[in-house]
Amino acid sequence: MNSLLRFIAADFPRERFTRSLYGGFSTHGCFGFIAHYNLDGFYEAQLSTPDRRARFLHDLRQECERDARHDRPDLWSDVKRVLAERLQPQELQPPARRLPAPTRRHSSPSRRDCRTLF
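Conventions and cut-offs
- Residues numbered from 1 in each chain as written.
- Predicted model: local features only at pLDDT ≥ 70, side-chain atom pairs only at ≥ 80, totals over all residues.
- Heavy atoms only, no water.
- Salt bridge = Lys/Arg side-chain N within 4 Å of Asp/Glu carboxyl O.
- Helix = DSSP H or I, 4+ residues; strand = E, 2+ residues; numbered from the N terminus.
- Axes fitted to C-alpha atoms, helices over the stretch in contact; angles between N-to-C directions.
- Parallel < 35°, antiparallel > 145°, perpendicular 65-115°, else oblique.
- Left-handed = near helix turned anticlockwise from the far one by under 90°.
- Contact = heavy atoms within 4.5 Å.
- Core = buried A, V, L, I, M, F, W, Y, C linked by side-chain atoms within 4.5 Å.
- Buried < 20%, exposed > 50% of the residue type's maximum accessible area, 1.4 Å probe, protein only.

### Points about the pattern of salt bridges
The tally for this structure, following the rule as stated, stands at eight salt bridges. Measuring nitrogen to oxygen at the nearest pair gives 2.3 Å for the salt bridge that ties Asp-40 to Arg-14. Of this pair, Asp-40 sits in helix H3 (residues 39–47) while Arg-14 is found in the loop between helix H1 (2–9) and helix H2 (19–25), placing the two residues 26 residues apart along the sequence. With a closest N to O distance of 3.2 Å, Arg-52 and Glu-44 form a salt bridge.

### Some details on the packing of helix H4 (residues 50–68) against helix H5 (residues 77–86)
Packing of H4 against H5 leaves a shortest axis separation of 8 Å and a crossing angle of 130°. When the interaxial angle is binned, H4 and H5 end up oblique. Between H4 and H5 the crossing geometry is left-handed. For the pair formed by H4 and H5, the contact residues are Glu-63, Cys-64, Glu-65, Asp-67 and Ala-68 on the first element and Ser-77, Lys-80, Arg-81, Leu-83 and Ala-84 on the second.

### A look at the nonpolar core
For soluble globular proteins, nonpolar side chains are generally found buried alongside one another. Counting residues in hydrophobic clusters, the biggest one holds 22 residues, and the most contacted among them are Phe-12, Phe-17, Phe-25, Phe-56, Leu-60 and Leu-87. Looking at this core, the elements with two or more residues in it are H1, H2, H3, H4 and H5.

Shown next as structure tokens:
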């Protein structure tokens, strides 16, 4: 579960989509996703674009919420209960970054002091 949450928090990087994660989603049947023949096909179909990731998270959250209501170890309901809580949209938002306040220069501007984009 921790590797899944780290993978999601890192915005689904392809290099972190391991065989273990793939197996959890498809082969083991824990979450009911179709295997798409292999790890690369699964990533492409489920996680390769922002829209696909959003749909994947929605489906994963629904699956977890549905099975979390049961007290069945064969459904991993205890794990899915925790995941359902952690996959709420507000839990997935990265913390807001605060930019430092701009500093003022008191000297007269020269060409080298002009603002640039880079």
